[in-house]
Amino acid sequence: MGALAQLIERWTKRMLLVVGIAGVLVIYLGFLYLLISGRSTESISWLFLLSPWACIFFGLSTQDQLATLHWFKAKFSRKSKG
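This one's a predicted model, so the numbers in the text were calculated from it and none came from an experiment.

Cut-offs used in this document
- Residues numbered from 1 in each chain as written.
- Predicted model: local features only at pLDDT ≥ 70, side-chain atom pairs only at ≥ 80, totals over all residues.
- Heavy atoms only, no water.
- Helix = DSSP H or I, 4+ residues; strand = E, 2+ residues; numbered from the N terminus.
- Buried < 20%, exposed > 50% of the residue type's maximum accessible area, 1.4 Å probe, protein only.
- Contact = heavy atoms within 4.5 Å.
- Areas by Shrake-Rupley, 256 points an atom, 1.4 Å probe, with all protein chains shown as cover.
- Phe/Tyr/Trp six-rings, centres within 6.5 Å; stacked < 30°, edge-to-face > 60°.
- Lys NZ or Arg CZ within 6 Å of the ring centre and 35° of its normal.
- 1 Å grid on protein atoms, 1.4 Å probe; cavity = no way out; pocket = protein on both sides within 12 Å on 5 of 7 lines; lining within 4 Å.
- Points joined across faces, edges and corners; volume = space filled by probe spheres on them.
- Nonpolar A, V, L, I, M, F, W, Y, C, P; charged D, E, K, R; others polar.

(A) Quick peek at the overall build of the protein. Helix and strand counts for the protein come out as 3 helices and 0 strands. Counting from the amino terminus, helix and strand elements in the protein follow one another as α-α-α. Along the longest, intermediate and shortest principal axes, the C-alpha atoms of the protein span 55 × 50 × 15 Å. Relative to its 82 residues, the protein shows a buried fraction of 12%. Put simply, of all contacts in the protein between residues at least 6 apart along the chain, 59% involve residues at least 24 apart. Carbon and sulfur atoms make up 70% of the accessible area of the protein, which totals about 7,000 Å².

(B) Representation of the packing of aromatic side chains in the model. Here the structure, examined in full by the defined rule, presents 3 aromatic pairs. Look at Trp71 and Phe72: their rings are 5.0 Å apart centre to centre, the planes differ by 75°, and that puts the pair in the edge-to-face class. Exposure remark for Trp71: the relative accessible area of 48% places this residue in the partly exposed category. Measuring from centroid to centroid gives 5.8 Å for Phe72 and Phe76, while their planes differ by 15°, and the two rings are stacked. Separated by 4 residues within a single helix, Phe72 and Phe76 lie in helix α3 (residues 62-76), roughly one turn from each other. Of the aromatic side chains, those joined through ring pairs into one cluster are Trp71, Phe72 and Phe76. Directly above the ring of Trp11 sits Arg14, whose terminal nitrogen or CZ lies 5.6 Å from the centroid.

(C) Local environment of the layout of surface pockets. Roughly 160 Å³ of volume is contained in the largest pocket. Residue lining of the largest pocket: Trp53, Ile56, Phe57, Leu60, Thr68, Leu69 and Phe72, and that is the complete set. Contributions of two or more residues to the lining of the largest pocket are made by α2 (46-59) and α3. Here the lining of the largest pocket is built from residues that sort into 6 nonpolar, 1 polar and no charged.

(D) The arrangement of the side chain of Gln65 in detail. Mapping Gln65 onto the fold places it in helix α3. Residues contacting Gln65, with those up to four places away along its chain left out, are Lys13, Phe57, Phe58 and Leu60.

Any functional reading would require information that these geometric values do not contain.
Encoded structure:
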């Protein structure tokens, strides 16, 4: 892969991390505000709550993405009874 392509990939991943972290802060703080103030949270779709996490995941390095997938697999797989 060329140097320019690596630079673009690196910046894209950083921007995905920044947007994802900002999204988590804004969306979850807004959701918390709505809950505390007693207003309805029906207008917030589950997709909006998950979208920033997708940005964060794709902003991680390939090794970190694989480690995250392995963690989820270990966390949510059925444990054999011994």
